[in-house]
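Each chain is listed here by its residues.
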Amino acid sequence: MSSVLLLNGPNLGILGRREPEIYGTDTLDDIERAVGEEITGRGWRVVAEQHDCEGALIRAIQDNYDTVGAIVNPGALMIAGWSLRDALANYPRPFVEVHLSNVWARESFRHDSVIAPLASGVIVGLGSLGYRLAARALVATVR
């Protein structure tokens, strides 16, 4: 069975409790289920990884080269996660970068992503719906 890598970075393990006015009340389990619902029609399953450590995220990418694509929320590592960026540059499949909040409506240090230029697409500001949309994009584009 083919898989989609669902990769979430620092501080995303506490979704549902973390500043719900910014990040919403859905947990990572809720998001994983939602992504699973979107991809099940293709016979795919979700491989979910969340780590607060950049090195563990890199290992998760390297261990999942055989997935059909990825949905990546790097969290604040979008700003200066150069090692994560390099690991994604070597990831052999398409991936979509997702952010729950509208990063451009927030502090200026959040306005640049070192990862976005590598992504097939970027979805921001739509809360957990962004993950569903990323899953739909992979379903529509991965052959």
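This is a predicted model, so every value here is computed, not measured.

A few words now on the sheet that holds strand 4 (residues 95–99). Across the sheet, five strands lie side by side as 2-1-3-4-5; this open sheet has parallel pairing. Looking at the sheet topology across the chains shown, the edges are occupied by strand 2 (45–50) and strand 5 (121–124). Strand-to-strand twist in this sheet, taken as the mean axis angle between neighbours without regard to direction, amounts to 20 degrees. As defined by bridge partners, strand 1 (residues 3–8) adjoins strand 2 across six bridges and the pair is classed as parallel. Each bridged residue has a counterpart across the sheet, and for Ser3 the counterpart in strand 2 is Arg45. Strands strand 1 and strand 2 of the sheet are contacted by helix 3 (residues 54–62), whose axis makes an angle of about 170 degrees with strand 1. Relative to the sheet, helix 6 (residues 129–141) contacts strand 1, strand 3 (69–73), strand 4 and strand 5, its axis offset from that of strand 3 by approximately 160 degrees.

Turning our eyes to something else, we now look at the nonpolar core. Grouped together as the largest cluster of nonpolar side chains are 22 residues, with contacts concentrated most on Val35, Ile71 and Tyr131. Ignoring sequence-local partners within four residues, the contact set of Tyr131 consists of Leu6, Asn8, Ile31, Val35, Ile71, Asn73, Val98 and Leu100. Counting residues in each nonpolar core, the second largest holds 18 residues, with Leu7, Val72, Leu84 and Leu88 among its members.

The rules behind these values
- Residues numbered from 1 in each chain as written.
- Predicted model: local features only at pLDDT ≥ 70, side-chain atom pairs only at ≥ 80, totals over all residues.
- Heavy atoms only, no water.
- Pairing = 2+ DSSP bridges.
- Helix = DSSP H or I, 4+ residues; strand = E, 2+ residues; numbered from the N terminus.
- Axes fitted to C-alpha atoms, helices over the stretch in contact; angles between N-to-C directions.
- Contact = heavy atoms within 4.5 Å.
- Core = buried A, V, L, I, M, F, W, Y, C linked by side-chain atoms within 4.5 Å.
- Buried < 20%, exposed > 50% of the residue type's maximum accessible area, 1.4 Å probe, protein only.

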